[in-house]
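Architecture and fold: a report
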Amino acid sequence: MNATAAIVNEVGGDYEFEDLKLADLGHDEVLVRIVASGICHSDESIRTGTVPVPTPAVLGHEGSGIIEQVGGAVKGFEVGDHVVLAYTYCGMCANCRSGQPSSCVKYNELNMSGRREDGSAMFTKSDGTPVSSLSLQGSFSTRSVVPVNNLTKVDKDIDLRLLGPLGCGFLTGSGAVIHGLRPETGSSVAVFGTGAVGLAAMMAAVIEGCSTIIAVDIHDSRLELAAELGATHTINSRTESLDERIDELTGGAGVDYAVDTTGVPAVMKSALNVVATGGSFAPVSASGKPLEFVPVSDLIFPKRNIIGVFMGNSVPQIAITQLIRHYREGRFPIDRLVRFFDFGNISQAVESSLSGEVVKPILVMDPSYRPA
Ligand SMILES: [Zn+2]
Ligand SMILES: [Zn+2]
């Protein structure tokens, strides 16, 4: 079986379209015809080498598609099923078994090596060169061989093209609030950065019943969108004093919870410093930059908590299903955050995300797909 993929041949290289051979299905794998795939900032971090994945590589880890073949030991999935693809995990370690697959002890090996556990590759060039598959998903491709642990089955009556980002960006943002911070009904939350992850965190704060939801960004257009999606207050931290506005909105107490999606050290520091006594802060951008809270008494006396939360601390098969329910009921309107691009326009789609013009670009690999 063959596929057409957008390949990164070397670190920093542009996406290049090539026909690849797909591996034979393992017993616990499926062949997926990719219908669409979101583009995440992590794909760009990998393309430019900030996060290492061996090249040549097929990136893409927000895919959605339709199953074309199932391996011999696969249970619960059949040909024709619509699926969302997320990260992969071993399913056997203590963390996986206790419901924390994003903390799988083999997470890096399975998701970032580009290879199966036995060292074989899902994609091969015509000259025999093995090609990495990000998160064993490699969704920047018309087809992919994917382990069953990556899959969440979804209803066929929803536009499948919309759903891929539920496997990473929207999962990360919503889960940071729902499973990471776990805010009480009526509490206050500030979300720093209103990209796909930040807006998902904010919509989750609405779902969780937070009463003061503050969106912080430096772009007024994004803040307007945040307000339409449920932010009760917005702060442009370039033109307004963050500390003064937070004091005003919380009676001087600070916010119960803060989420940073920017990964910018100065922003993370100010986010932590507006958290109330006993409150919690979750930085979710894996920017690799330092989180500074000197003097340490800024952390100790107010008894602030810093929470590490990865992939929304979510079990994808449970969280994606719940998010789709929220979407159906109008509480998680991801359709307002996306723009579709033809697969061939991948570079333009990436650019639209980096410039901030589009919140979540989605590549359409299968132009013949029509929602039911
Ligand atoms: Zn991602
Ligand atoms: Zn595991």
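Just so you know, these numbers come straight off a predicted model, no measurement behind them.

Next up on the list: the coordination of the zinc ion (ligand 2). Protein-derived ligands of the zinc ion (ligand 2) are Cys 90 (SG), Cys 93 (SG), Cys 96 (SG) and Cys 104 (SG), with the metal-ligand distances lying across 2.3 to 2.4 Å. Note that the zinc ion (ligand 2) binds four donor atoms; their angles at the metal cover 102 to 119°, and the shape is tetrahedral. Positions of the donor residues of the zinc ion (ligand 2), expressed as sequence spacing, correspond to C-x2-C-x2-C-x7-C. Just as Cys 93 is buried, Cys 96 falls in that class too.

Any two side chains of opposite charge can pair, on the condition that their charged atoms come close. What the rule picks out here adds up to 17 salt bridges. A salt bridge links Lys 125 to Glu 18; its shortest N-O distance comes to 3.3 Å. Within this pair, whereas Lys 125 is found in the loop between β7 (123-124) and β8 (130-133), its partner Glu 18 is found in strand β2 (residues 15-22), the two being separated by 107 residues in sequence. A relative accessible area of 16% means that Lys 125 is categorised as buried. Its salt-bridge partner being Glu 329, residue Arg 331 comes within 2.5 Å of it at the nearest N-O pair. Relative accessible area serves as the criterion here: at 37%, Arg 331 is assigned to the partly exposed category. One salt-bridge network, in which partners are shared between bridges, spans Arg 33, Glu 68, Arg 143 and Asp 366.

Relative to each other, helix α4 (residues 169-181) and helix α10 (residues 316-328) sit at 95°, their axes nearing to 11 Å. Classified by the angle between their axes, α4 and α10 sit roughly perpendicular to one another. Across from Phe 170, Leu 171, Ser 174 and His 179 in α4, the residues of α10 making contact are Ala 319, Ile 320 and Leu 323. Residue composition of the contact of α4 with α10, by class: five nonpolar, two polar and no charged.

Let us now look at the nonpolar core. Considering soluble globular proteins, one finds that nonpolar side chains tend to be buried as a cluster. Judged by nonpolar contacts, the single largest core of 63 residues is most densely connected at Leu 163, Leu 166, Phe 170, Leu 199, Met 202, Phe 332 and Leu 337. Among the elements that take part in this core, helix α5 (residues 196-207) stands out by supplying nine residues, more than any other. If you count residues domain by domain, this core takes at least three from each of domain 1 (2-167 + 337-364) and domain 2 (173-310). With residues up to four places along the chain from it excluded, the contact list for Leu 337 reads Phe 170, Leu 199, Met 203, Leu 225, Leu 229, Val 359 and Lys 360.

Scoring rules and cut-offs
- Residues numbered from 1 in each chain as written.
- Chains lettered and ligands numbered in written order.
- Predicted model: local features only at pLDDT ≥ 70, side-chain atom pairs only at ≥ 80, totals over all residues.
- Heavy atoms only, no water.
- Donors = N, O, S within 2.8 Å, 3.2 Å for Na, K, Ca; no water.
- Tetrahedral: all angles 85-135°; square planar, octahedral: opposite > 155°, others 65-115°.
- Buried < 20%, exposed > 50% of the residue type's maximum accessible area, 1.4 Å probe, protein only.
- Salt bridge = Lys/Arg side-chain N within 4 Å of Asp/Glu carboxyl O.
- Helix = DSSP H or I, 4+ residues; strand = E, 2+ residues; numbered from the N terminus.
- Axes fitted to C-alpha atoms, helices over the stretch in contact; angles between N-to-C directions.
- Parallel < 35°, antiparallel > 145°, perpendicular 65-115°, else oblique.
- Contact = heavy atoms within 4.5 Å.
- Nonpolar A, V, L, I, M, F, W, Y, C, P; charged D, E, K, R; others polar.
- Core = buried A, V, L, I, M, F, W, Y, C linked by side-chain atoms within 4.5 Å.
- Domains from an automatic or database assignment.

Keep in mind that these numbers describe shape and distance, not what the molecule does.
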